[in-house]
Amino acid sequence: MSTNFQKILIANRGEIAVRVMRSARAMCRRTVAVYSTADADAEHVRQADEAVWIGESLPAQSYLNIAAIIDAARTSGADAVHPGYGFLAENAAFAQACHDAGLVFIGPSPQAIRAMGDKAGAKRLMQAAGVPCIPGYQGEDQGAARLAAEAARIGWPVMIKATAGGGGRGMRLVASAEGFADALQSAQSEALNAFGDATVILERAIVAPRHIEIQVFADRHGHAIHLGERDCSVQRRHQKVIEEAPSPAVSEALRQRMGATAVAAAKAIAYEGAGTLEFLLDADGQYWFMEMNTRLQVEHPVTEAVTGLDLVELQLHVAAGEPLPLAQQDVRIAGHAIEVRLCAEDPLQGFMPQSGTLAAWRPSPALRTEHALRDGAAVPPFYDSMVAKLVAHGRTRDEARRKLIAGLGDTVALGVATNQQLLQRALSHEVFAGGGATTAFIADHLDSLLASDEAADTQAALLAALLLQLGERGWPSSLAHTLPNALRFSLDGVVHAARVMPCGAGRFDIALDESAPAQVALLALPGDGTLRFSCGGLSEQAFVVRDAGRVSFHFRGRAFQLDDLTHAAVARADAADGDGLLRASMNGRVIALLAAEGDTVAAGQPLVTLEAMKMEHVHCAPRAGRVAALHVAVGAQVAARHVVAEIADA
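Here is what the cut-offs are and how they apply
- Each residue is numbered by its place in its chain's sequence as written, counting from 1.
- Owing to the predicted nature of the model, reporting of local features is limited to residues with pLDDT of at least 70; listing and counting of side-chain atom pairs is limited to 80 or more, with chain, interface and lining totals taken over all residues.
- Note that water and hydrogens are dropped before the side-chain values are worked out from all heavy atoms of the structure.
- Here, axes are lines fitted to C-alpha atoms. For helices the fit covers the stretch in contact, and angles between N-to-C directions go from 0 to 180 degrees.
- Helix numbering and strand numbering both begin at the N terminus, where a helix is a DSSP run of H or I of at least 4 residues and a strand a DSSP run of E of at least 2.
- What sets the label is the angle itself: under 35 degrees gives roughly parallel, over 145 gives roughly antiparallel, 65 to 115 gives roughly perpendicular, and the rest give oblique.
- Should the near helix be turned counterclockwise from the far one by less than a right angle, the crossing is left-handed, whereas a clockwise turn marks it as right-handed.
- We call two residues contacting when some pair of their heavy atoms lies within 4.5 Å.
- Lys, Arg, Asp and Glu make up the charged group, whereas Ala, Val, Leu, Ile, Met, Phe, Trp, Tyr, Cys and Pro make up the nonpolar group; the residues left over, Gly among them, are polar.
- Strands pair, by our definition, only if DSSP identifies at least two bridges between them.
- Exposure categories follow from relative accessible area, calculated using a 1.4 Å probe and restricted to protein chains: below 20% of the type maximum is buried, above 50% is exposed, and the middle band is partly exposed.
- This arc is taken over the directions from the axis of the helix to the C-beta atoms.

Undergrad: Looking at this model, I keep getting lost on the packing of helix H13 (residues 420-428) against helix H15 (residues 441-450). Mind explaining?
TA: Relative orientation and spacing of two packed helices are given, respectively, by the angle between their axes and the distance between those axes. The geometry of H13 relative to H15 is characterised by a closest axis approach of 10 Å and an angle of 110° between their N-to-C directions. Regarding the angle of H13 to H15, the classification is roughly perpendicular. Here H13 and H15 pass one another in a crossing that is right-handed. Residues Leu422, Arg425 and Ala426 of H13 lie in contact with H15, whose contacting residues are Phe441, Leu446, Ser448, Leu449 and Leu450. Considered class by class, the residues forming the contact of H13 with H15 number six nonpolar, one polar and one charged.

Set out below in structure tokens:
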């Protein structure tokens, strides 16, 4: 039976909302965006045909508010809902609410979501269907003693996983019995805050496996197919960073076996729509079921690239009651595709989530870039840190990899720190280039992925001195003075001193940090934000943005933040012990106070837990002493650098 719908409400935000709109528009369907207060001027709102405000900025008040989204569908006259991924995409109650309201839910049935949404129940279902599962514990007894006993029975290392979880939240790897109690408490706390459910399961940890997932599609007429695999092994804290299709570790015979397993699993629960079976694969070719994601995946573009299919379009056809337009034998895998997730985070500060305003955004035209960004776009602190996905497709894996490295280096993202350089280094690393990356890749090679590049840093500092010397006036006047100019500035947090001697005609001798002067020349200022200069005879280009007294520039594939300290006071040398003030390291919400006023604390003792971009961040005492004051309460929203606590002498 066919179901006709003409207006689709997208119950999501950001790049996935824009992505769904693109396919819906191509199929002549109108679209409705929903938005929180923080997203009032967001790109997905601008691109929709209509938009409805659904609440305040916190997800619980907006994108997780089922009643508000159903009301938005009624207000706009939408007759279908696409959940995207994240938020309510795998919420059976939301799917049921859509059905009850007479809306077409573009996804599987509430029963299928419920069956696979609980990791413990899903494992039991898969075991009954003959799908290989990792040994573990998924019982109802959630007592700490029982869980510790089960972990010892399973054998170390053990993985703790929130049953309602996703995105690495509520997940901890425990190497021995000594660390189990603390890891369990942390996982349960994070799961409760993220999903409202502290229930966990335990699994034997498969050390350094491949993370392989199979994309399945099924319709309500009993047809089910798979679209090959994706390799999502490159991860950080169980969150995917790089995904590719096909996997360099999967042969055609293994692909057929895993694909058949995934299709059998989908049929076992009468699945409908797009879904993904996730497996761990060891070096011997043995694989185990982890979980099923009953939605579209973040990494679906790599499957689209190698199959030539539009997965969102297929979702809409299936949701309309139409049979799948292709059979298994019609699926063809052509070439190779790789995707990276560009995240607003600072890898050099422990991958701390970042928020703020994007000063400039110029995606590379050589790549497929999924985003909802523009110059001046806000990156709020309330949601996931991923801001864009960059995808390259080539005839071979190495062609796709090289294309992605080049396009990633050409992409300009200024104003908010990102993981752009780490992604380039990961793609360039010999282990990844050779197809040998496992889930341990980033942890094993983190030092080299984050290592400084002294030569590039020096060139960037010379460019920074040139930019400060030029100021906003641009090309120096022929009447400009030729007296030396002393500068002091911070470049990505590193303070430099420079002495600049103008030599006429846009040429300067710049002595950086007591080093011998380097000859730097301004070559061109086209007026489009780009700048050409030479240093030591080497001509290079940068993209520069000046905003509110700060300067950001893109140079050699990296983003730099420049702050002029020339006229700022210099900190006293005797201030090294700190002022006892604990400041928020990012914009976030206070979810726990771990000490009270008057308590005596040790240096490094946890005091306050903030939640930002769906991750918890513990803030510790900057020194030993007494908690003189707590300036926040649980539930408060704080800005970066806000003082949350004061430590005085005991």
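Undergrad: Would you mind showing me how to read the sheet that holds strand E27 (residues 518-524) here?
TA: Spatially, eight strands are ordered E24-E25-E26-E27-E28-E29-E30-E31 in a closed barrel, and the strand pairing comes out antiparallel. Across this sheet, the average inter-strand angle for adjacent strands is 35°, counted without regard to direction. Bridge count between strand E24 (residues 485-491) and strand E25 (residues 494-504): seven bridges; the pairing is antiparallel. Each residue of the ladder has a partner; that of Leu491, found in E25, is Val494. Against the sheet, helix H16 (residues 454-470) contacts E24, E25, strand E26 (507-512), E27, strand E28 (530-535), strand E29 (538-547), strand E30 (550-555) and strand E31 (558-564), and its axis sits at roughly 125° relative to E24.

Undergrad: Sorry, what's going on with the sheet that holds strand E13 (residues 273-281) here?
TA: Sheet strands line up and pair through hydrogen bonds in the backbone, either parallel or antiparallel. Ordered by their spatial adjacency, eight strands build an open sheet running E14-E13-E10-E11-E12-E15-E22-E20, and the pairing between neighbours is antiparallel. Each of the sheet's edge strands pairs with one partner strand only, and the pair in question is strand E14 (287-293) and strand E20 (368-371). Taken over all neighbouring pairs, the strand axes of this sheet differ in orientation by 25° on average, direction set aside. Here E13 pairs with E14 via six bridges, running antiparallel. Paired with Leu281 across the strands is Tyr287, a residue of E14. Sheet strands in contact with helix H12 (residues 397-410) are strand E12 (239-245), strand E15 (336-343) and strand E22 (386-394), and its direction is about 140° off that of E22.

Undergrad: Quick question: what am I supposed to make of unusual backbone geometry here?
TA: Keep in mind that most residues, glycine aside, have a negative phi and that most peptide bonds are trans. Cis geometry is adopted by the peptide bond preceding Pro157, which originates at Trp156 and carries an omega value of 0°. On the secondary structure map, Pro157 appears in the loop between helix H7 (144-154) and strand E7 (158-162). The omega angle of the peptide bond from Ala245 to Pro246 is -5°, so this bond is cis rather than trans. Looking at the element boundaries, Pro246 is found in the loop between E12 and helix H9 (252-268). Positive phi, close to 70°, is recorded for His238, a residue that is not glycine. Topologically, His238 is positioned in the loop between strand E11 (224-236) and E12. Assessed through its relative accessible area of 28%, His238 is described here as partly exposed. Look at Phe351: it is not a glycine, yet its phi comes out positive at around 60°. With respect to the helices, strands and loops of the structure, Phe351 is situated in the loop between strand E16 (345-346) and strand E17 (352-353). Given a relative accessible area of 7%, Phe351 falls into the buried group.

Undergrad: Would you mind going over helix H5 (residues 110-117) with me for this structure?
TA: Because each turn of an α-helix spans 3.6 residues, side chains separated by three or four positions end up pointing in the same direction. Every buried residue of H5 is accounted for by Pro110, Ala112, Ile113 and Met116. Projected down its long axis, H5 carries its buried residues within an arc of 165°, all on one side. As for H5, its buried residues are in contact with helix H4 (92-100), strand E5 (104-105), helix H6 (119-128) and E14.

Undergrad: Mind showing me how you'd approach the environment of Ile510 here?
TA: Inspection of the secondary structure assignment puts Ile510 in strand E26. Separated by 408 residues in sequence, Ile510 and Gly102 have C-alpha atoms that sit 70 Å apart. When near neighbours in sequence (up to four residues on either side) are disregarded, Ile510 contacts Leu462, Ala465, Leu466, Ala498, Arg499, Val500, Ala516, Pro517, Ala518 and Val520.

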